[in-house]
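Coordinate analysis (summary)
Okay, here's what each chain looks like letter by letter:
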Protein chains: 2
Amino acid sequence: MNLSIAEENYIKSIYKLQEGDTVVTTNALAYELETKPASVTDMAKKLKDKKLIDYEKYKGFTLSAEGKKIALQIVRRHRLWECFLVDKLHFSWEEVHELAEELEHVRSEKLTNRLSEYLGNPLFDPHGDPIPDANGKLTKPRPQTSLDQATAKRVVVTAVTDQSTALLAFLNAKHIKLSTQLEIVEHYEYDNSIEIKIKQQPSITISEQVAKNIMVRPV
Amino acid sequence: MNLSIAEENYIKSIYKLQEGDTVVTTNALAYELETKPASVTDMAKKLKDKKLIDYEKYKGFTLSAEGKKIALQIVRRHRLWECFLVDKLHFSWEEVHELAEELEHVRSEKLTNRLSEYLGNPLFDPHGDPIPDANGKLTKPRPQTSLDQATAKRVVVTAVTDQSTALLAFLNAKHIKLSTQLEIVEHYEYDNSIEIKIKQQPSITISEQVAKNIMVRPV
DNA sequence: AATATTATTTAGACAAATCTAAATCATAAA
DNA sequence: TTTATGATTTAGATTTGTCTAAATAATATT
Ligand SMILES: [Mn+2]
Ligand SMILES: [Mn+2]
Ligand SMILES: [Mn+2]
Ligand SMILES: [Mn+2]
């Protein structure tokens, strides 16, 4: 199966939107890929012909087994490159997504596996997302809740849901990154903002919107 | 200047063929890029419009100053990725060209410079070719001759001219790589074959064709 | 149930990159 | 200097991925 970069991007986005097995709609995918619904319909036909998606007119689409396999390979490459950029080249986590978006399209199993080995076969990328192994198997995600739902007093950051540059830059400015330990000082009912403290630093208050996008686990 | 991958490949190939300032012909470039002369003419018009080459119908072409600058950036990325693949991921030198052919198209100065730094700002790639610095300046190539012209008795391998997988695989099998020290034992006039010895190993005889493509310097 | 709204598809067009076949140019040979 | 050969360009097509505008289907509202 020889896929173009465009086809790979579609496959990956369908995978992302589908979460489990929800049907993906034309408009949602167009929005995700910053393209137009008409273009999505065109591509849907191509991917259906290649048996990578199940698709009936007006009924939305989901990845086929083969499509899912390919999606996991792309996601694997994407997340491994993100690890490389952060761990080895010392990029900060909000910079790496865009670069990985291109690097992920270099299709070489040997390269991918060597890279993984070189990085110590990491299980999670810099944003806390699990990295599929060479067989496409995902590590079971660690038990986690969003920061606004957390009940424990001391938590550690495991992931960031919204990976917009804006949020990641904000977190960077506040020195909140993956594995950062937070102490939840106060939960203000008025606007659901949360006061948190990172050890050795003065406590800060973050909005509900931010807290919703920070995933944490106890201790 | 936003170039497509195809345009970048053309620029790089023109750079390669032009060596100094020789005019590049349509057919030569078509052969190099494994495409057809008609396609080259089409692209020549585009690159001329973008002022990356000087081109008049039927007169061949050369890179403009801007084109040369871009070529050097692509070459820099290509050779740095080759270093990465060999030094860090332990690929052998005959495998890396193809992968670098894709990785070179990720255009990010920051990534390129970080990668260079990470590798210790290497001056030569795994095939002995010089790596342009961030300003496009090339290290003066070391004084070298092809193995069949060498006069010194003991030489060290500095580059390989023909980078076909076939030759590189042959050299690999004979344990000849960059920086390998060779002792020239005998030069047979009959077919211009050369008997060489790598320390600790029985001597071997290589053909003139191979010797012509191995560059060496004394000591 | 009829109508309005929104989602999706179709029709037709365009740019990029390629190709084949035919035409044209440059030049080497006679 | 004419002719033959090879190199190069042009004309016209094709594929891929995209778009706008119009048509149609699905769904929500009255
Ligand atoms: Mn991508
Ligand atoms: Mn990520
Ligand atoms: Mn390339
Ligand atoms: Mn090289």
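Within every chain, residues take consecutive numbers counted from 1 along the sequence as written. All chains are assigned letters beginning at A, and all ligands numbers beginning at 1, according to the order in which they are written. Residue-level local features of this predicted model are given only where pLDDT is at least 70; pairs of side-chain atoms are given and counted only at 80 or more, and the full residue set underlies all totals for whole chains, interfaces and linings. As a convention, hydrogens and water are excluded, and side-chain values are obtained from all of the structure's heavy atoms.

An unreviewed UniProt entry annotates chain A as Transcriptional regulator MntR originating from Chitinophaga silvatica. UniProt positions are given in the numbering used here, feature names are shortened, and annotations may be inferred rather than shown by experiment. According to the UniProt record, the Function (unreviewed entry) comment for chain A is "In the presence of manganese, represses expression of mntH and mntS. Up-regulates expression of mntP." Word for word, the UniProt comment on chain A under Sequence similarities (unreviewed entry) is "Belongs to the DtxR/MntR family."

Our next topic: the protein's contact with DNA strand C. Working definition: residue near molecule or strand if any one of its non-hydrogen atoms lies within 4 Å of it. Near DNA strand C there are 20 residues, and of these Tyr55(A), Lys57(A), Ser4(B), Thr35(B) and Ser39(B) occur at the shortest range. Taken together, the sugar and phosphate atoms account for 75% of what DNA strand C places within 4 Å of the protein. Residues adjacent in sequence count toward polar contacts only when both atoms are side-chain atoms; beyond that, a polar contact is any pair of N or O atoms within 3.5 Å, and within protein one must be able to donate a hydrogen and the other to accept it. One of the side-chain N or O atoms of Tyr55(A) is found 2.5 Å from a phosphate oxygen in DNA strand C. Between Asp42(B) and DNA strand C, the recorded distance is 3.2 Å, taken from a side-chain N or O atom to a base nitrogen. Considering only residue class, the surface near DNA strand C consists of eight nonpolar, seven polar and five charged. In the scheme used here, Gly and all other residues not listed as nonpolar or charged are polar, with Ala, Val, Leu, Ile, Met, Phe, Trp, Tyr, Cys and Pro taken as nonpolar and Asp, Glu, Lys and Arg as charged.

So, on to the domain arrangement of chain A. Those domain boundaries reflect an automatic or database domain assignment. Assigned domains of chain A: these are domain 1 (5-63) and domain 2 (145-218). If you average the C-alpha positions of domain 1 of chain A and of domain 2 of chain A, the two centres end up 33 Å apart.

It is worth spelling out the protein's contact with DNA strand D at this point. Taken together, 20 residues lie near DNA strand D, and Ser4(A), Thr35(A), Ser39(A), Tyr55(B) and Lys57(B) sit nearest. Per the 4 Å cut-off to the protein, sugar and phosphate atoms form 75% of the nearby atoms of DNA strand D. Here a sugar or linking oxygen of DNA strand D sits 3.4 Å away from a polar atom, N or O, in the side chain of Tyr58(A). For the surface near DNA strand D, the secondary-structure elements that each account for two or more residues are helix H1 (5-18) and helix H3 (37-49) of chain A together with helix H2 (26-32) and helix H3 (37-49) of chain B. Looking at the surface near DNA strand D residue by residue, the classes come out as eight nonpolar, seven polar and five charged. Strands here are runs of E lasting at least two residues and helices are runs of H or I lasting at least four, both read from the DSSP assignment and numbered beginning at the N terminus.

So, on to the interface of chain B and chain A. Counting residues at the interface gives 20 residues for chain B and 20 residues for chain A. Considering only the side of chain B, the residues that lose the most area to chain A are Leu89(B), Arg114(B) and Tyr118(B), jointly responsible for 29% of the buried surface there. One speaks of a salt bridge when a side-chain nitrogen belonging to Lys or Arg is within 4 Å of a carboxyl oxygen belonging to Asp or Glu. At the boundary of chain B and chain A, one finds two salt bridges. Measuring nitrogen to oxygen at the nearest pair gives 2.4 Å for the salt bridge that ties Lys110(A) to Glu95(B). Elements supplying a minimum of two residues to the side of chain B that touches chain A: helix H4 (65-88), helix H5 (96-103) and helix H6 (109-118) of chain B. With five residues, the single largest contributor to the side of chain B that touches chain A is H6(B). Split by residue class, the side of chain B that touches chain A holds eleven nonpolar, three polar and six charged. Should any heavy atoms of two residues lie within 4.5 Å, those residues are counted as being in contact. Accessible area that two parts lose when put together, evaluated with a 1.4 Å probe and summed over both, is termed the buried area.

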